[in-house]
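As a plain string of letters, each chain reads:
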Amino acid sequence: MKILICNDDGYQAPGIVALYEALKDMADVEVVAPEHNNSAKSNALTLHSPLYVHRAANGFRYVNGTPADCVHIALTGLLDYRPDLLVSGINNGANMGDDTVYSGTVAAAMEAYLFGVPAIAFSQLLKGWQHLDAAARTARELVQQIISQHAADAPPWLLNVNIPNLPYAELKPMKVCRLGRRHAAEKVITQVNPRGDTMYWIGNAGPVKDDSEGTDFHATAQGHVSMTPLKVDLSDHDKLPYWAQTAARMAAHKASREASDKAGA
Ligand code: MN
């Protein structure tokens, strides 16, 4: 069993160190992670500047790029083997609902999934690393279960796991959930710098719109660990017929224009 670990908070973050320590005796485990904090970088790849890989004193490799860069180069040439599993995190803060679209933690896992490697993203609900030991133990237990049921041999899958910042004994059992929803983000924050220029700071995430039963927001608020299987399919299947009608109308207009142009010529 070969496990590749990545994150978006950077290779020195307490979350990735705890994750490595929790998994290192279960498999061959390697870390390839961003040099700096890349939270909210989503699936971005660096195309217009070179990437460098360095090895830290503890053996972790770090890259001057994004989480997706790290996994991408690991899987396309840096590693001389194919990992059986990619584990991302443990992130400093929740990645639930619409936040998953922006998350670098989820993106690292998604990049592996797109290459056919099963992947899990782990996040702690609150920032600050409180009860990180309990989150690392939860991650270990899930990976252990995946190994024992040979789940990594199945067609690739992608899991998003969020863990409340509670002592291990107070964590409630894992619940399989759909993603909740948020309202649009709050207003941008403006300030004036000492030279008189206006600075814009991205505002906070919007308030929760759907935290009803069955969502990750609901389960974690009750103290459960939430687990959401994700897939990558951006097609809006319900809207296909509506837009097919629009395309058909445009084709009919074009045909009748061409017919009248011909008649006029
Ligand atoms: Mn992060």
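One structure accompanies this document, and this report is about it. (Residues numbered from 1 in each chain as written. Predicted model: local features only at pLDDT ≥ 70, side-chain atom pairs only at ≥ 80, totals over all residues. Heavy atoms only, no water.)

**Some remarks on the nonpolar core**
And step 1. With 39 residues, the main nonpolar core has I3, I5, L23, I120 and F122 as its most contacted residues.
And step 2. The element that contributes the greatest number of residues to this core is helix α4 (residues 132-148), accounting for 8 residues.
And step 3. With residues up to four places along the chain from it excluded, the contact list for I120 reads L85, L86, V87, S88, A109, L142, V143, I146, W157, L159 and V161.
And step 4. The next biggest cluster of nonpolar side chains, apart from the first, holds 20 residues, and it includes C6, A108, Y113 and A121. (Core = buried A, V, L, I, M, F, W, Y, C linked by side-chain atoms within 4.5 Å. Buried < 20%, exposed > 50% of the residue type's maximum accessible area, 1.4 Å probe, protein only. Helix = DSSP H or I, 4+ residues; strand = E, 2+ residues; numbered from the N terminus. Contact = heavy atoms within 4.5 Å.)

**Re the coordination of the manganese ion**
And step 1. All of the protein donors around the manganese ion are D8 (OD), D9 (OD), S39 (OG) and N91 (OD1); their distances to the metal are 2.1 to 2.3 Å.
And step 2. Expressed as a motif, the donor residue spacing for the manganese ion is D-D-x29-S-x51-N. Taken together, the residues span a long stretch of sequence, with D8 in the loop between β1 (2-6) and α1 (14-23) and N91 in strand β5 (residues 85-92) at a distance of 83 residues. Pair check on accessibility: D8 and N91 agree, each one buried. (Donors = N, O, S within 2.8 Å, 3.2 Å for Na, K, Ca; no water.)

**What to know about the pattern of salt bridges**
And step 1. Per the stated rule, a full pass over the model turns up 9 salt bridges.
And step 2. Between R182 and D99 there is a salt bridge, and its shortest N-O distance comes to 2.8 Å. Taken as a pair, R182 in strand β9 (residues 181-182) and D99 in the loop between β5 and α3 (104-114) lie far apart in primary sequence, 83 residues in all. In this pair, the class of R182 matches that of D99, namely buried.
And step 3. Of the charged contacts, one joins D210 and R178 as a salt bridge, the two residues approaching to 3.5 Å between their closest N and O atoms. Residue D210 is located in strand β12 (residues 208-210), and its partner R178 is located in the loop between β8 (172-176) and β9; the two are separated by 32 residues in the primary sequence.
And step 4. Overall, R178 belongs to the partly exposed group, its relative accessible area being 42%. (Salt bridge = Lys/Arg side-chain N within 4 Å of Asp/Glu carboxyl O.)

**Let's talk about the side chain of H224**
And step 1. Position of H224 relative to the elements: it lies in strand β13 (residues 224-230).
And step 2. Look at H224 and you get buried, because its relative accessible area is 13%.
And step 3. Within the local environment of H224, its side chain forms a polar contact with the backbone oxygen of P173, the two atoms lying 2.8 Å apart. (Polar contact = N/O pair within 3.5 Å; in protein donor to acceptor, adjacent residues only side chain to side chain.)

**Concerning the pairing of β13**
And step 1. Where burial is concerned, most of β13 is hidden: 6 out of the 7 residues are buried.
And step 2. Alignment of strand β7 (residues 158-163) against β13, held across 5 bridges, turns out to be antiparallel. Paired with L158 across the strands is L230, a residue of β13.
And step 3. In terms of strand pairing, β8 meets β13 through 3 bridges, oriented parallel. Residue pairing for β13: V176 is matched across the bridge by M227. (Pairing = 2+ DSSP bridges.)

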